[in-house]
Amino acid sequence: MTVYADLFRYRELFGSLFRRDLRAKYKGSVLGLAWSLAHPVVLMLVYLLVFSVLLKIQTSDYEHYWLFLLAGLPVWVFFATSLQSSSRSLLENANLIRKVRFPRQLVPLSMVATQLVGFVVMIAIVIVLTLVYLPDSRATVWLSLPVGVLIVGFVAGLSLTVASLNAIYRDVEHIVAALLLPWFFLTPVLYSLDEMPGAADHPWLVDFVHWGNPVTPAIESFRDPIFFGELPAAGDVIYLLVATVASLALGALVFNRVDDRVAVEV
């Protein structure tokens, strides 16, 4: 737990790293930090245009398919961008790591915090749209917030694991980048599990995508109260809770194993 307790003990340093990463992300742009608000909006519009309008992907049972898509998108975007940005975080901060002794786990976790800004913006947009277009979900939409907290913990643990491994083995960032595209299509962002392509011919595929993909229960738990107006399925919530604890434990374990080698290897 000391790996994550350092977030509180060194909260001022963590805040400085977070502000530096956020400024560096939009350095030289006209809008500056305003892009932290505009970028998630633009990203959601692009996904909506491509998959709902141009490709005309449609789930027949849902009147507001575009909102179904947007309800799953924040989780995937936060997951993918956090893994990608944190994978090289220790390498990109090599000069700082070599010069100063400080809790190095703050570096990849600050990258997750940077992506968290976009995650919060996207959640806010989806909640507002839900309140407007899906009155039946108004009573349950707020349940997505505690689910979102679990998702942040799950992503933080995986990001710390990837960043720690990539500091020693440079292939990790390339493996992550290569896996994310097929991973996206094996995650029910564009489709529901009930109407997954190929499910009729291969019934086992639904169980594989649902329980073999740790991102699926996160998206299902998040989407249920927002789009369907119902409580998240108990199985999905328990899975997400266990996955979050396991992810945080794995991140701490891997980081402690490589911490002494990081300053030398980067």
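Residues numbered from 1 in each chain as written. Predicted model: local features only at pLDDT ≥ 70, side-chain atom pairs only at ≥ 80, totals over all residues. Heavy atoms only, no water.

A few words now on the pattern of salt bridges. Throughout the structure, instances matching the rule amount to 7 salt bridges. Here Arg 9 ties to Asp 6 by a salt bridge, and the two come within 2.4 Å at their closest N and O atoms. Taken together, the residues Arg 9 and Asp 6, both in helix H1 (residues 2-9) and 3 residues apart, mark about one turn of the helix. A salt bridge links Arg 88 to Glu 92, with the nearest nitrogen and oxygen atoms 3.6 Å apart. Using a relative accessible area of 32% as the deciding quantity, one classes Arg 88 as partly exposed. Judged by its relative accessible area of 53%, Glu 92 falls in the exposed class. (Salt bridge = Lys/Arg side-chain N within 4 Å of Asp/Glu carboxyl O. Helix = DSSP H or I, 4+ residues; strand = E, 2+ residues; numbered from the N terminus. Buried < 20%, exposed > 50% of the residue type's maximum accessible area, 1.4 Å probe, protein only.)

This part is about the packing of helix H4 (residues 65-87) against helix H9 (residues 171-185). It is the contact of H4 with H9, at a shortest axis distance of 9 Å, that shows an interaxial angle of 165 degrees. It follows from the interaxial angle that H4 and H9 lie roughly antiparallel. Note that H4 runs across H9; the crossing there is left-handed. Contact with H4, carried on its side by Trp 76, Phe 79, Ala 80, Leu 83, Gln 84 and Ser 87, involves Glu 173, Val 176, Leu 180, Trp 183 and Phe 184 of H9 and no other residues of that element. Taken together, the residues that form the contact of H4 with H9 break down as 8 nonpolar, 2 polar and 1 charged. (Axes fitted to C-alpha atoms, helices over the stretch in contact; angles between N-to-C directions. Parallel < 35°, antiparallel > 145°, perpendicular 65-115°, else oblique. Left-handed = near helix turned anticlockwise from the far one by under 90°. Contact = heavy atoms within 4.5 Å. Nonpolar A, V, L, I, M, F, W, Y, C, P; charged D, E, K, R; others polar.)

As a volume, the second largest pocket reaches approximately 180 Å³. Breaking the lining of the second largest pocket down by element, the ones donating at least two residues are helix H3 (35-54), H4 and H9. Looking at the lining of the second largest pocket residue by residue, the classes come out as 10 nonpolar, 2 polar and no charged. (1 Å grid on protein atoms, 1.4 Å probe; cavity = no way out; pocket = protein on both sides within 12 Å on 5 of 7 lines; lining within 4 Å. Points joined across faces, edges and corners; volume = space filled by probe spheres on them.)

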